[in-house]
Each structure stands twice: as C-alpha cells, then as structure tokens.
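What follows is each chain in one-letter form.
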Amino acid sequence: MSSLEHIRHSYAHLLAAAVGELYPGVHNTIGPAIENGFYYDFDFSSTTNGKIPSEKDFVSIENKMRGILKSWKGFEGKEVTEAEARELFKNNPYKLELISDIVKKGEKITLYTSGNFTDLCRGGHAEIKDMNSGAFKLSRIAGAYWRGDEKNKMLTRVYGLAFASKQELESYELMIAEAKKRDHKVLGPALDLFTFSDLVGTGLPLWTPRGTIMRNLLDQFVWSLRSLRDYERVEIPHITKKDLYMTSGHWEKYQDDLFKIKTREGHEFAMKPMNCPHHTQIYARKQWSYKELPQRYANTTTCYRDEQSGELSGLSRVRAFAQDDAHVFCRMQDVKAEFMKIWDIIHEFYPKFGLNLQVRFSRRDPQTPEKYLGGTERWDMAENFLKEILADKKAVAIDGPGEAAFYGPKLDFMAKDSLGREWQVATIQLDMNMPERFNLECVNEKGEKERIVMIHAAIMGSIERFLSIIIEHFGGNFPLWLSPVQVKIIPVRENHNEAAQKTALALEKAGLRIDLDTSDTGFGKKVREAKDMKIPYSIIIGDKDIEAGVVTLESRDKGKIGALDVDAVVAMLKEESDNKK
Ligand SMILES: [Zn+2]
Ligand SMILES: [Zn+2]
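Residues numbered from 1 in each chain as written. Chains lettered and ligands numbered in written order. Predicted model: local features only at pLDDT ≥ 70, side-chain atom pairs only at ≥ 80, totals over all residues. Heavy atoms only, no water.

1. Section: helix α11 (residues 335-349)
A turn of α-helix holds 3.6 residues, and therefore any two residues three or four places apart point the same way. Its 15 residues give α11 an end-to-end C-alpha distance of 21 Å, which sits within 8% of 21 Å, the value for a rise of 1.5 Å per residue. Residues of α11 that are buried: Val335, Lys336, Glu338, Phe339, Met340, Ile342, Trp343, Ile345, Ile346 and Phe349. (Helix = DSSP H or I, 4+ residues; strand = E, 2+ residues; numbered from the N terminus. Expected span 1.5 Å × (residues − 1). Buried < 20%, exposed > 50% of the residue type's maximum accessible area, 1.4 Å probe, protein only.)

Pasting the structure below:
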C-alpha cells in the first residue's frame, strides 16, 4: 500500500493533467499533498480558451480526472539536464523559476510522467492501484500568491480531499459537516454564551450571564480539585512594570506579543501575557524554610496577547483569555509528588466531560543537550521523576524527544473529542529557568540557601479555548451540572403561572438554575425555545398536574420522564447535577 501522502500528491498530478486538458495553455505551478488531501496552484491567465474554472466546474474536472486515471499505468521518473527541462517548460515561467532554484541548490532535475502528463517533481508517488476514483473529491478554490509572497502574482489554488478509500472520504466529509453544525462561533452566540463587539474589538470576547455561569462552574470545579491538594488562591494586577519582564526574559522574547502601556510619567508597563513572573514575586516576598515548601498558588485570571488580526478565530485564538493558572514552588525532590497531584486533578477533571486523554512525555532532544538550561544532573533527575510517574500510573505515553521546553521537561495531554478530533489541553511543566532568573530559594536542612524549581500547572489552559472545545464536543448539549439553565419551567396557560412559580421557588431553593417562563408567549413556542437553547430539563405544569399535585418532567436527552412530585424532581436533578453525571 502506498503512503497516504504519496497517494494525495499523486492526485495533485491527476488534477493538473485534467486541468491541462480542459484549460489548454494553463500554467501549472506546484501541487503538494496536505492534511486530508492536496492542492495545485494554477495560473489561468494564459489559457487559450479564456476560461477560468469555478467550483461549479468541479464535477467536470473530477470526471476528467477519473477518465485520465483509467489510462495511467504508473509514475515514471527520469533525470534530465537543465537544458532539457527548460526546453520542456519553455512556455511556463513558474516552472522555469523552479528549475533555476533546483540548479542553484545543486539538486538533480527530475521529471515524472504518468500517461500523457509530465511534471517537474522530486518524486514520492503512489502506485496507480492505490488511487481510487471514488476516494478523492475537489473541495474548494482559493487565491494564493505565487510562492506565498504578496508581491507575486495571485494564482488559483484548487483544493482536493483524498483518502485511501471511499469510506474514509465519506466519514471525513460527515465529520466536517457535523463539525460545521457544532461550530462554537455559531453555537456560542446562538446559546447566548458570549458575544463580540466592534467597539471593543476582535479577539476580545464578552461573556453574557449564561456564559459567565459556565466559566465560573468550570473554574469552581478545577478549584475544588486543587483545594483538596492544599493549593491557595492568590491575586495579581493585570499590568506590570517592564522590569519584571526584563528579568524574566519575556520583554525580549515576546516583544511582538506584548500589549505595552506608557504611563503619564513616561514609564513603560505591559499587560501580562502570562502569570508566572507575577507569581514568582509573591513567592519572593519572604525567606522560606524547606519545611514551608511546597508553596502552591492558584489564580484564575485574564492574560493579554497582541495576536495578529488575521490569526484570530472565535474563542480558539483571542487577545484576552482567562487561564486557570497555578504555580508550585518546590524543591527538586518534591517534583514527583507535585506532578502526581496535578496528574490526578487532570484525570479527575477531563473524564467528567467524556474527553479521553493521551499523554506525551516531552523530554530533551538527546542529540542537542546543550540547548537545555539547568544542568544534566537536574534534567536526568526530572526526567526520571516523570518516567516514574508514567510507570506508577501505568500510562502508555507518546514519547516526545525534543518536545521539552528549554527550561524543563513536560507532560502534555491531548484530548479526543466526540468527533474524533484531537486537542492539546493540559500540560504540567517543570521550570528550572525562572527560579534562576528571579533568584528563588529556600533554606534547606543544612541551613544553606537552595535553588528551588517551579511547576506550571494549568488544567484547562485557557477557559476560552476549553469552552470552544467543549461547546463543539457536546454540540451545545451540555451535561446538567454545566448547563447555565438547568430546568425550564413552562406553565401551559396563564392560570398555571402561580403553581409554576411555586415549583420554581422549590427548585431555586435547592440550588438549581431555572428559567421560569410566565410570558404570554404560546405554550408551543416556549417548548421550542427550551429545545433551541438545549436546556436539559423542562417542567410542564397544566390542569391535570395541579389537580394531582405533580409536575410533568421532560428530558432533552431521554424524552418524557413522567409526572412526579416536586420533591422527587428536585432530589433526582440534584443527584445528577451534584455528581456531575
Ligand atoms: Zn510528483
Ligand atoms: Zn506559568
């Protein structure tokens, strides 16, 4: 079986062959394999029939591709001289430019021919039997500058999807269609969780009452797990003097990402892009005995990064985001126990969302030990601790040589969502650099000053990004405990309002989040609204219910549950919500 990358790139040749026949005179440029498929960039300004394809022409191009594929036997490669190559592509300025580059680099010039089509290519093709005429599809057209440079001519990029089989292509398309329906950028505002304002600016989400409830619930959940492990809450201002980041190194390293502020007295300040440097200064407020360590500081707080406008996207990439951040200040010998605690928090947190975790052990690149700060002995010790944790937890980790930060090894966690997509979520990072830069110490058993280490331990990372993931993962159908409105109470007619109010009060007293709808909107519309807002439960109150002293409970996920007395409903929902089922 040919590799998927080779298969995908081979379809790019097929596309260029078909386009060449349908649009004679077209200049084809480059056509690589990409994730899920391939593309080919064309310059259609030179076609002899004056045609430029649009997405409407995909069917005819695809049919042409299928026809050509039948005549192909294989890809035949041959090396040619510069003169031969130039002769072959004498009418195509793009290929001529590529040939010059190949010559400049001193590389061989190779051509690959399949059927009647020959392209300049360095190779890597599939066997024809692995190219399935049902397993590819053209997907879209976009403009693309030649060589990605906006000073160059704008070309036409035709994208295609390609997989090893028709089934894989279809399941990918299904996943994309489902992901589109669940897009948090659409679903979030539809569920009234967040909004953006042109006056406030792009990348700066504003949280509505419902969205804020969810943020707080998530934060409280993390905090409940942390407080069991002796973390303490701290608070910091959102700006700092430049000096803090000069010392931490961020001023230089993250120049472009920093929002800088000039005070009226001409001093330079910055909005914080992370919390670690501030937290070091809370630790540094006094001299610590080893007996008082570890110090564990937790702080959910907003950070600011000056991302480029073009990079911003919904909640996934923003300019202001809240981190559920924590830092542990401890001695090297405590690292294993502290990592273990954070490991446990992560493994109690993520399963409540039905997200399965995969861990990666991000360690030094053994080829370049000099790139890393902190000394071989300390690194060996740290990496061994992490290995021991993985062994103790019987975790099968992905090995990540060279994935460590320059200041310490990490455990990185990936979560797979309900559509099978993988997201990088939590990380536990050891940091041997910042304590050095800020001269953080404790007094050890011998009465000597000892350099400590610090651990970065966000569980969600950014709450915004985490919400973007779970909005799509659940498709907005949040579990009861996380739903901003848990129960909608719907009186059938106006004369049922009083009974509905009584029911509402009983639920609210029990701490359930309810929405009582006594407006004069019709009953059917109220029921529909509850569905649209994906509220987990509805309580319906009509004549029969009032007579029997019950309410009718309906579930978003399980349909009609039946007539129950209010106490039974409260007990049932409380149990489900409190246990985060
Ligand atoms: Zn090729
Ligand atoms: Zn940190």
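2. Some words on the packing of helix α7 (residues 209-227) against helix α14 (residues 463-474)
Each pair of packed helices can be described by the angle between their axes along with the distance between the axes. Interaxial distance between α7 and α14 falls to 11 Å at its minimum, and their mutual angle equals 105 degrees. Between α7 and α14, the angle is such that the two are roughly perpendicular. When α7 is examined against α14, the residues Met214, Arg215 and Leu218 are found in contact with a partner set consisting of Ile463, Glu464, Phe466, Leu467 and Ile470. Of the residues contributing to the contact of α7 with α14, the split by class is 6 nonpolar, no polar and 2 charged. (Axes fitted to C-alpha atoms, helices over the stretch in contact; angles between N-to-C directions. Parallel < 35°, antiparallel > 145°, perpendicular 65-115°, else oblique. Contact = heavy atoms within 4.5 Å. Nonpolar A, V, L, I, M, F, W, Y, C, P; charged D, E, K, R; others polar.)

3. So, the coordination of the zinc ion (ligand 1)
For the zinc ion (ligand 1), every protein donor is listed as His9 (NE2), His13 (NE2), Cys121 (SG) and His125 (NE2), and the spread of their distances is 1.9 to 2.1 Å. Here the donor residues of the zinc ion (ligand 1) are spaced in sequence according to H-x3-H-x107-C-x3-H. The residues Cys121 and His125 share a single accessibility class, namely buried. (Donors = N, O, S within 2.8 Å, 3.2 Å for Na, K, Ca; no water.)

4. Quick look at the packing of aromatic side chains
Per the stated rule, a full pass over the model turns up 27 aromatic pairs. Aromatic pair Tyr11 and Phe136: ring centres 5.0 Å apart, planes at 35 degrees, arrangement tilted. Taken as a pair, Tyr11 in helix α1 (residues 4-22) and Phe136 in strand β7 (residues 136-145) lie far apart in primary sequence, 125 residues in all. Under the relative-accessibility criterion, Tyr11 is labelled buried at 0%. Ring geometry for Phe194 versus Phe196: centroids 6.0 Å apart, planes at 80 degrees, classification edge-to-face. Looking at Phe196, the relative accessible area reads 36%, which means it is partly exposed. The structure contains a cluster of three or more aromatic residues connected by ring pairs, namely Phe221, Phe349, Tyr350, Phe353, Phe466 and Trp481. Note that Arg140 overlies the ring of Tyr159, its terminal NZ or CZ placed 4.0 Å from the centroid. (Phe/Tyr/Trp six-rings, centres within 6.5 Å; stacked < 30°, edge-to-face > 60°. Lys NZ or Arg CZ within 6 Å of the ring centre and 35° of its normal.)

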